[in-house]
Amino acid sequence: ATPTAVTVGIGRGAEIGVLIRNGEALEVSEHLTTIVFDKTGTLTRGKPDVTDVVAAGMDEERLIGLAASVERNSQHPLAEAIVRKADAIGIPLGEATNFATFGGRGVSAAVDGTLVLIGNPAFLEERNVSLAPSSADAIGRLQDEGKTAVLVAGDGKLAGIIGIADTLKPTSEAAVADLKRMGLSVMMITGDNARTANAIARQIGIDTVLADVLPEDKAREVQRLQEKGESVAFVGDGINDAPALARADVGIAIGSGTDVAIESGDIVLIKDDLTDAVAAVQLSRKVMGRIK
Ligand code: ADP
Ligand code: MG
C-alpha cells in the first residue's frame, strides 16, 4: 500500500469514529480470516444486574448481605451487581478481612468469623464445596437463560446461588451478521462457563464459543488460531483481555473500555458501536483495493 492510501484511510476512519492508531492495521485487516469477540463489556454492556437469588440454608437478604460484604472489595462487574443489589434492598454490610481475588474464578474473605467463598462452580468445587442436585439444577437453569450463576459458600457449605444477567449491546447481532456475510469466521471468548456463553452466543448468531478461558489464556487462544494459519482480529474492552488485543494481528479496542485497551489496540472504536468494527474491515478493504 502506498503511504498516501494509508493516510487517506486513517483520515476516513477518524471521520466515522474508527481511530486507526497503527497504519499497518489497515493493510492487515484486509486479509483477516477470523474475528474473536470478548463477551463481557464487548458484546454485552458489561453492567450486569442480579436477577435471581436462590438461598440455601439462610434467607435471601442475609445471602445478599454476606456476598456484598465480600464483593465490595472487588471491582469485577459481577461484584458491582451484587453490591448494587444489597444497596437497593438496604442491607447493612459486614466487615470483610483477608480478602483475596482468584482471577477468572472468584473471591474469598472472612466476614464476622465466617469464611466466605464466591465464584463459579469450578472455584467452589476446587475448595470442596459440594452441591445438592437441586442446586446443580438451579445453576443449569440460570446458565441456559444466559445468566451467570455466582455461587456463595459459608464455612465450606453452599449458602446460595445468585443469578446475574448482562444485556447485549444493541448492535452486537447486526455486526456479527455483517462480518459473517463478509466471509469472516466469528468467535466469542469468555471466562464465563460454556452453558451461559452458548446461550448468549445463540442470541447473537455466533456459532463458535471459547468458554472457561482464564484471563491469562485469552492471548494463547489467539495464538493457537494464528498457528492454524488464521489472521485474527480481537475485539475487547481491556478487562482481562489486553494481552489478547496485543497478540492479535489486529487489536480492536472498545473506546469506552479501559485505558490499557486503548493502548493495546491497533484500532479504537470511539463510539462503542460494534458495527464500527465492520466499518473498519470494510475501510481496509476499500483503501487497499483502491491502490492495487
Ligand atoms: P469474562 O471473560 O466474561 O470477562 P472473567 O474472566 O472476568 O469473565 O470471569 C470469569 C468468571 O469468574 C465469571 O463468570 C465468574 O463466574 C467468576 N468470577 C470472577 N470474578 C468474580 C467475582 N468478583 N465474584 C464472583 N465471581 C467471579
Ligand atoms: Mg471483557
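For clarity, every value in this text was computed on a predicted model and none was experimentally measured. (Residues numbered from 1 in each chain as written. Chains lettered and ligands numbered in written order. Predicted model: local features only at pLDDT ≥ 70, side-chain atom pairs only at ≥ 80, totals over all residues. Heavy atoms only, no water.)

Some details on the site of ligand 1
Taken together, 18 residues lie near ligand 1, and Thr 40, Glu 71, His 76, Gly 191 and Asn 240 sit nearest. With respect to ligand 1, the backbone of Arg 105 contributes an N or O atom lying 3.4 Å from an oxygen atom. For the shell around ligand 1, the per-class residue count stands at 3 nonpolar, 11 polar and 4 charged. (Near = heavy atom within 4 Å. Polar contact = N/O pair within 3.5 Å; in protein donor to acceptor, adjacent residues only side chain to side chain. Nonpolar A, V, L, I, M, F, W, Y, C, P; charged D, E, K, R; others polar.)

Some words on helix 7 (residues 133-144)
Over its 12 residues, helix 7 extends 17 Å from the first C-alpha to the last, a length consistent with the 16 Å expected when each residue adds 1.5 Å. Along helix 7, the residues classified as buried are Ser 135, Ala 138, Ile 139, Gly 140, Leu 142 and Gln 143. Each element contacted by the buried residues of helix 7 is listed here: strand 3 (49-55), helix 6 (121-126), strand 7 (148-154), strand 8 (157-165) and helix 9 (194-204). (Helix = DSSP H or I, 4+ residues; strand = E, 2+ residues; numbered from the N terminus. Expected span 1.5 Å × (residues − 1). Buried < 20%, exposed > 50% of the residue type's maximum accessible area, 1.4 Å probe, protein only. Contact = heavy atoms within 4.5 Å.)

Remarks on the environment of Gly 65
Looking at where Gly 65 falls in the secondary structure, it is placed in helix 4 (residues 60-71). C-alpha of Gly 65 to C-alpha of Leu 274: the two residues are 209 residues apart in sequence and 36 Å apart in space. Setting aside anything within four residues of it in sequence, one finds Gly 65 in contact with Ile 91 and Leu 93.

Notes on the sheet that holds strand 7
Spatially, 3-8-7-6-5-4 is the arrangement adopted by the 6 strands of the open sheet, whose pairing is antiparallel. The open sheet has two edge strands with one neighbour each: strand 3 and strand 4 (96-102). The sheet shows a mean angle of 20 degrees between the axes of neighbouring strands, taken without regard to direction. Sheet topology note: the strand 4/strand 5 (residues 106-111) ladder contains 5 bridges and is antiparallel. Note that in strand 5 the partner of Ala 100 across the bridge is Ser 108. Contacts between helix 5 (residues 77-89) and the sheet are confined to strand 3, strand 7 and strand 8, with strand 3 contributing the most and set at about 75 degrees to the helix. (Pairing = 2+ DSSP bridges. Axes fitted to C-alpha atoms, helices over the stretch in contact; angles between N-to-C directions.)

Remarks on the layout of surface pockets
Looking at the second largest pocket, its volume works out to about 160 Å³. Considering the residues around the second largest pocket, the lining is formed by Ala 56, Gly 57, Met 58, Arg 62, Leu 66, Thr 114, Gly 154, Asp 155, Lys 157, Leu 158 and Ala 159. Taken together, the elements giving at least two residues each to the lining of the second largest pocket come down to helix 4 and strand 8. The dominant element in the lining of the second largest pocket, judged by the number of residues it contributes, is strand 8, at 3 residues. For the lining of the second largest pocket, the residue count by class is 5 nonpolar, 3 polar and 3 charged. (1 Å grid on protein atoms, 1.4 Å probe; cavity = no way out; pocket = protein on both sides within 12 Å on 5 of 7 lines; lining within 4 Å. Points joined across faces, edges and corners; volume = space filled by probe spheres on them.)

A closer look at the coordination of the magnesium ion (ligand 2)
In the first shell of the magnesium ion (ligand 2), the protein supplies Asp 38 (OD), Thr 40 (O) and Asp 237 (OD), at 2.2 to 2.8 Å from the metal. The sequence motif formed by the donor residues of the magnesium ion (ligand 2) is D-x1-T-x196-D. (Donors = N, O, S within 2.8 Å, 3.2 Å for Na, K, Ca; no water.)

So, the pattern of salt bridges
Taken as a whole, this structure holds 15 salt bridges when the rule is applied. We note a salt bridge from Lys 218 to Asp 38, for which the minimum N-O separation is 3.3 Å. Of the two residues, Lys 218 sits in helix 10 (residues 218-227) while Asp 38 sits in strand 2 (residues 34-38), which places them 180 residues apart along the sequence. Measuring nitrogen to oxygen at the nearest pair gives 3.2 Å for the salt bridge that ties Asp 49 to Arg 84. Of this pair, Asp 49 sits in strand 3 while Arg 84 is found in helix 5, placing the two residues 35 residues apart along the sequence. The partly exposed category is assigned to Asp 49, whose relative accessible area is 42%. Judged by its relative accessible area of 36%, Arg 84 falls in the partly exposed class. Three or more residues joined by partner-sharing salt bridges are found here, namely Asp 52, Arg 141, Glu 145 and Lys 147. (Salt bridge = Lys/Arg side-chain N within 4 Å of Asp/Glu carboxyl O.)

Some remarks on the packing of helix 7 against helix 9
Where helix 7 contacts helix 9, the axes come no closer than 7 Å and their chain directions differ by 25 degrees. With respect to helix 9, the axis of helix 7 lies roughly parallel. Taking contact as the criterion, the partners of Gly 140, Gln 143 and Asp 144 in helix 7 are, on helix 9, Arg 195, Thr 196 and Ala 199. When grouped by side-chain class, the residues that make up the contact of helix 7 with helix 9 number 1 nonpolar, 3 polar and 2 charged. (Parallel < 35°, antiparallel > 145°, perpendicular 65-115°, else oblique.)

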